[in-house]
Structure formats: structure tokens, C-alpha cells
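# Geometric and topological summary
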Amino acid sequence: LLMSGRASAETLITSLSTHRVLIGSNYTGAQIGLFGAFERDGRTIARADPHDVVVTVLGPRRNMLVREKERQGPLWLNSDRRRFGEAPAFLAVMTTRPLQEMGSEEDARRMRIGLRNQLVPPEAAMSFDVGETRFTDALIRIKAADNLYQQVERGVTFLTPGVFRASIVLPAVAPTGAYDVVVELFSGGVSLAREQTNFEVVQIGFEQQVAQVARSWPLSYGLVTAMLAL
């Protein structure tokens with residue numbers, strides 16, 4: 001009851017610099033500013049434990065398949081595989097300090113903080129399956145190579161004791177669609193407040209027209225593309 005009372009006393013306010021990212025012919029990526037403040041009874045809070053802010057950005061959901069290759073003689077063949085249903089195509093986690101300084105691994109799994117913990121289903125958050133961990137790490141490594149999965153320690157900066165900011169960096173290959181931004185405030189390993197907002201990435205101009213044609217008339221689009229290639 002005491003912990004619940006602490007959590008309900010805080011007010012968390014967040015704002016994005018934009019809620020719409022437009023993809024045109026000269027698009028090379030984007031950067032969105034996130035600003036936030038937390039207060040209690042109209043005053044900036046002073047606590048014995050330091051405050052921590054975790055920002056999690058989740059892009060459109062996709063079904064992803066990770067295959068493991070095994071060498072058999074001179075050939076590399078697919079051996080085992082793991083399907084990730086409804087995994088975010090873009091995932092970024094930004095914190096005020098390293099996760100190990102904020103609490104234990106068990107706390108991070110329970111509160112689903114970090115890249116790996118976001119990909120693990122809630123019912124399996126406390127499992128230690130080595131095989132599952134291997135495929136999860138492989139997915140993170142593959143996506144991180146394209147900057148689609150990011151974990152930025154100290155990516156959230158306090159401007160004053162109650163005001164913070166973070167930068168959401170979208171690469172040029174970030175998919176179109178709706179993105180959720182979850183901001184959570186912690187102190188002493190306890191979640192004090194949580195706020196959620198969103199933005200969208202959309203195509204405009206010629207790129208949007210091409211995408212619409214490809215979806216509406218896939219056969220014609222494929223034939224025209226092949227003719228242009230020839």
C-alpha cells in the first residue's frame with residue numbers, strides 16, 4: 001500500500017517535437033526530440049533515491065523468423081529456427097544510466113526494461129532458456145546492424161532535477177507506420193509514473209504514389225519494374 005501511494009503521487013508530462021515524420025525523395029532519416037517533466041503537488045520532487053527515466057520506442061509489429069546455419073562439410077545449411085510473432089520492426093530503449101546501476105537483472109526482466117526483455121513474452125520473462133536467449137540475441141544483433149534496434153545508456157539527460165530530454169533517432173530504413181513511445185519514471189526500483197504517446201512515419205509525394213500502385217496492382221507493378229530493369 002505504501003508503494004502504491006508513492007506511485008500515485010507523481011505526475012509525468014511528456015511532449016514530442018513532432019508527431020509525423022514525412023518520407024520524401026531526399027529522406028535520409030529523422031531525429032525526434034522528446035521532452036518531459038515530473039512533479040508532485042505542483043512542485044519538483046526531491047527524493048533520497050535518484051530518479052531514473054526509461055524511454056522505449058516501439059515501431060510497427062512484424063512476424064520475424066531467425067534461422068541458425070550449421071556447417072555440414074563444405075556447405076552451410078539451415079538447422080534450427082525461431083519465430084518471433086508480432087515483434088517490433090523498430091525498437092529503441094534509452095535510459096538515464098546503465099541498467100545494472102538501476103537494479104538487478106530480475107528487476108529489469110520483471111519490468112521489461114531493455115531490448116531483450118521487450119522481445120520476451122511476459123509469461124516467459126523469468127525463464128532462462130539458453131536456446132531462446134541465443135535466438136533473441138541474434139535478432140538483436142541483426143537489427144542493430146541496421147540501427148533498427150538501439151539501446152542507448154545515458155540517452156536520457158536531465159536538464160534540471162525534474163526536467164529531462166531524449167532524442168529518438170530513426171534510420172533511413174525505418175519502416176512506415178505507427179510508433180509508440182513509452183516513458184516510465186523510476187526511483188528506488190519502483191515505478192512511479194508512466195506516460196505513453198506516439199508518432200507516425202508516412203510516405204509523401206512520388207514515393208507514396210509508387211507504394212500505393214505496388215499494393216493495388218502488384219502484377220502490373222512487377223512487370224513495369226522488370227521492364228525498367230531490362
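The structure contained in this document is the topic of the report that follows. No experiment lies behind these values; they were computed from the predicted model shown.

## Quick look at the sheet that holds strand β8 (residues 149–153)
Spatial ordering of the open sheet is given by β2-β12-β11-β4-β7-β8, a layout of six strands whose pairing is mixed. Strand pairing shows two members of the sheet lacking a second neighbour, β2 (20–23) and β8, which therefore form its edges. Going across the sheet, the axis of each strand differs from the next one's by a mean of 15°, ignoring polarity. As defined by bridge partners, strand β11 (residues 177–187) adjoins strand β12 (residues 190–203) across 11 bridges and the pair is classed as antiparallel. Paired with Val182 across the strands is Gln196, a residue of β12.

## What to know about the sheet that holds strand β10 (residues 163–170)
Across the sheet, which stays open at both edges, the four strands sit in the order β1-β3-β10-β9 with antiparallel pairing between neighbours. Looking along the sheet, the strands with just one partner apiece sit at the ends: β1 (11–16) and β9 (156–160). Adjacent strand axes in the sheet meet at a mean angle of 25° when their direction is disregarded. The pairing of β1 with strand β3 (residues 30–39) spans six bridges and is antiparallel. Looking across to β3, one finds that Thr11 is bridged to Glu39.

## Details of the pattern of salt bridges
Within this structure, the stated rule accounts for eight salt bridges. Note that Glu68 and Arg134 form a salt bridge whose closest N and O atoms lie 3.2 Å from each other. Of this pair, Glu68 sits in strand β5 (residues 61–72) while Arg134 sits in helix α5 (residues 130–145), and the two are 66 residues apart along the sequence. Of the residues examined, Glu68 reaches a relative accessible area of 27% and is grouped as partly exposed. The salt bridge involving Arg110 is made with Asp107; its shortest N-O contact spans 3.1 Å. With Arg110 and Asp107 both in helix α3 (residues 105–111) and three residues apart, this pair spans about one turn of that helix. What makes Asp107 partly exposed here is its relative accessible area of 26%. Through salt bridges with shared partners, a single network forms among Glu105, Glu106 and Arg109.

## Points about the pairing of β3
Note that β3 and β10 share eight bridges and pair antiparallel. Each bridged residue has a counterpart across the sheet, and for Leu34 the counterpart in β10 is Ala166.

## Concerning the side chain of Thr197
Turning to its location among the elements, Thr197 is positioned in strand β12. The class of Thr197 is buried, set by a relative accessible area of 15%. Residue contacts for Thr197: discarding those within four places in its chain leaves Thr14, Leu16, His19, Tyr179, Asp180 and Val181.

## Some words on the packing of aromatic side chains
The tally for this structure, following the rule as stated, stands at five aromatic pairs. Relative to Phe158, the ring of Phe38 lies with its centre 6.1 Å away and its plane at 80°, an arrangement referred to as edge-to-face. Within this pair, whereas Phe38 is found in strand β3, its partner Phe158 is found in strand β9, the two being separated by 120 residues in sequence. The class for Phe38 is buried, based on a relative accessible area of 0%. By relative accessible area, which is 30% here, Phe158 ends up partly exposed. The lysine or arginine in question, Arg82, covers the ring of Phe84, its NZ or CZ lying 4.3 Å from the ring centre.

## Here we look at the environment of Gly85
On the secondary structure map, Gly85 appears in strand β6 (residues 75–88). When near neighbours in sequence (up to four residues on either side) are disregarded, Gly85 contacts Arg62 and Asn63.

## Side note on the nonpolar core
Judged by nonpolar contacts, the single largest core of 30 residues is most densely connected at Val55, Val57, Ile168, Leu170 and Phe199. Put simply, the parts of the chain that give this core at least two residues each are β1, β2, β3, β4 (51–58), β7 (91–95), β10, β11 and β12. Looking at this core element by element, the count peaks at five residues for β12. Those residues in contact with Val55 that sit more than four places away from it in its chain are Leu34, Ala92, Val93, Met94, Val156, Val181, Val182 and Val183. Core analysis: the second largest hydrophobic core is formed by 21 residues, Met64, Leu99, Leu115 and Ala138 among them.

The rules behind these values
Residues numbered from 1 in each chain as written. Predicted model: local features only at pLDDT ≥ 70, side-chain atom pairs only at ≥ 80, totals over all residues. Heavy atoms only, no water. Pairing = 2+ DSSP bridges. Helix = DSSP H or I, 4+ residues; strand = E, 2+ residues; numbered from the N terminus. Axes fitted to C-alpha atoms, helices over the stretch in contact; angles between N-to-C directions. Salt bridge = Lys/Arg side-chain N within 4 Å of Asp/Glu carboxyl O. Buried < 20%, exposed > 50% of the residue type's maximum accessible area, 1.4 Å probe, protein only. Contact = heavy atoms within 4.5 Å. Phe/Tyr/Trp six-rings, centres within 6.5 Å; stacked < 30°, edge-to-face > 60°. Lys NZ or Arg CZ within 6 Å of the ring centre and 35° of its normal. Core = buried A, V, L, I, M, F, W, Y, C linked by side-chain atoms within 4.5 Å.

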